[in-house]
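Survey of secondary and tertiary structure
Take a look at the letters that make up each chain.
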Amino acid sequence: MAEDWDNVGLLVGDDEAETKHVFLALDLTEQTLEEAREAGADMIITHHPMIFHGMKKINNHDFTGRRVLTLIRGGIQYYAMHTNYDILGMAELSADYLELTDREVLSVTADTEEGREGLGRVGMLPKPMTLRECGEFVRKAFGLSDVRFYGDPETVVQKAAVCTGSGKSLLDDVLRSGAQVYVTGDIDHHTGLDMAAQGLAVIDAGHYGTEYIFMDAMKKVLEVRFPELKVSCARVCRPYTLICGE
C-alpha cells in the first residue's frame, strides 16, 4: 500500500535476527536513537523513514551515516512504515481522534476486495461548531498546546477532512469533498490564505502534532499480536520550541 516514491520496510538490519524489545518513534533522530539504546531495544520502528534516497556512502561524515553505523554496531534492526501506515492506519486513527461519523476516504489510492483505501478521511464532526471552537476541539483531541487556523473564527463548520502530517497535496481532494474545515499540518502562509479565500477553513495542528499518535497506536497493536514482546515508545516531545508574547 506504500506510495511508489516512499521507502518503507526493513531499512537497516537482519530479518533473521531475534527481536525481544521494540522501540517506537515518529522519527529516528539522535535523541530517539539514544533513548532506544538506553532502553535496551534491539529493534526500532518509526513512521518516517530515516533513509529516503539512495546512499552512495555510509560513514561517520554525515548524520544519516552515523545513525546507520550506530544501528549496525548495536545490533539494532530498523524498520519504517510510512505511507503504507498512513493509508491503512493513520487515516482511520486520526478520524477516531476527531470522532468523525459518515466517513469516506479523502484521496483514494487503491481499490481492494475490502473496499477503497487511501489517504485521509472526510466526515462529520460530533456537532456544528465555530472555527474557533473547532480549533480548540482539535487541540484537545490531539493533546496539543497550540494549533493555528485560517478562516473566519465565527464560521460554523461540521463537515471536516483530516490528513495527518503534511496534507497540502490533498487540497484538491478536500475541496471536491465539500468539507468545510481541513485538519492537517505544514500549511504555509499563501496556502492558508488561498484556501480561506475559497471558503475552506484550515486548522494546522502540526506535522508532529498530528502524527505522534503513531507510537501509542502501534504499541497497542504489537502488544496484542506479540504479548511476549517488550514494546516501548519514544518520549513525546515536539521538535520545536514555541515562544509566545503577552
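Before any of the text, the structure's been laid out above.
Computed from a predicted structure; not experimentally measured.

**As for the sheet that holds strand 8 (residues 156-166)**
- Taken in spatial order, the six strands of this open sheet run 5-6-8-9-10-7, and their pairing is mixed. Since the sheet does not close on itself, it has two edges, and those belong to strand 5 (101-112) and strand 7 (148-150), each with one partner. Averaged over all pairs of adjacent strands, the angle between their axes in this sheet comes to 25 degrees, without regard to strand direction.
- Alignment of strand 5 against strand 6 (residues 115-130), held across eight bridges, turns out to be antiparallel.

**Digging into the packing of aromatic side chains**
- What the rule picks out here adds up to four aromatic pairs.
- An angle of 85 degrees between the planes, with centres 5.1 Å apart, marks the rings of Tyr85 and Phe214 as edge-to-face. Note that Tyr85 is positioned in helix 3 (residues 83-97) and Phe214 in helix 8 (residues 213-225), a separation of 129 residues in sequence. Judged on exposure class, the residue Tyr85 and its partner Phe214 are both buried.

**With respect to the pattern of salt bridges**
- A complete count under the given rule lists 15 salt bridges for this structure.
- The salt bridge partner of Asp173 is Arg176, with a shortest N-O separation of 2.8 Å. You can see Asp173 and its partner Arg176 sitting in helix 5 (residues 171-177), three residues apart, about one turn around the helix.
- For Asp173, a relative accessible area of 18% corresponds to the buried category.
- Since its relative accessible area comes to 62%, Arg176 is described here as exposed.
- A salt bridge links Lys220 to Asp216, with the nearest nitrogen and oxygen atoms 3.2 Å apart. Highlighted residues: Lys220 and Asp216, both in helix 8, separated by four residues, approximately one helical turn.
- We classify Asp216 as partly exposed; its relative accessible area is 38%.
- When salt bridges with common partners are traced through the structure, they connect Glu92, Asp96, Arg103 and Arg121 into a single cluster.

**Comments concerning the side chain of Asp6**
- If you trace the backbone, Asp6 turns up in the segment before strand 1 (9-12).
- Despite being buried, Asp6 has no salt bridge partner; Arg67 is the closest side chain of opposite charge, sitting 15 Å away.
- There is a polar contact of 2.5 Å between the side chain of Asp6 and the side chain of Thr83.
- In this view, Asp6 contacts Pro49, Phe52, His82 and Thr83; residues no more than four positions away in its chain are not counted.

Conventions and cut-offs
Residues numbered from 1 in each chain as written. Predicted model: local features only at pLDDT ≥ 70, side-chain atom pairs only at ≥ 80, totals over all residues. Heavy atoms only, no water. Pairing = 2+ DSSP bridges. Helix = DSSP H or I, 4+ residues; strand = E, 2+ residues; numbered from the N terminus. Axes fitted to C-alpha atoms, helices over the stretch in contact; angles between N-to-C directions. Phe/Tyr/Trp six-rings, centres within 6.5 Å; stacked < 30°, edge-to-face > 60°. Buried < 20%, exposed > 50% of the residue type's maximum accessible area, 1.4 Å probe, protein only. Salt bridge = Lys/Arg side-chain N within 4 Å of Asp/Glu carboxyl O. Lys, Arg positive; Asp, Glu negative; His and termini not counted. Polar contact = N/O pair within 3.5 Å; in protein donor to acceptor, adjacent residues only side chain to side chain. Contact = heavy atoms within 4.5 Å.

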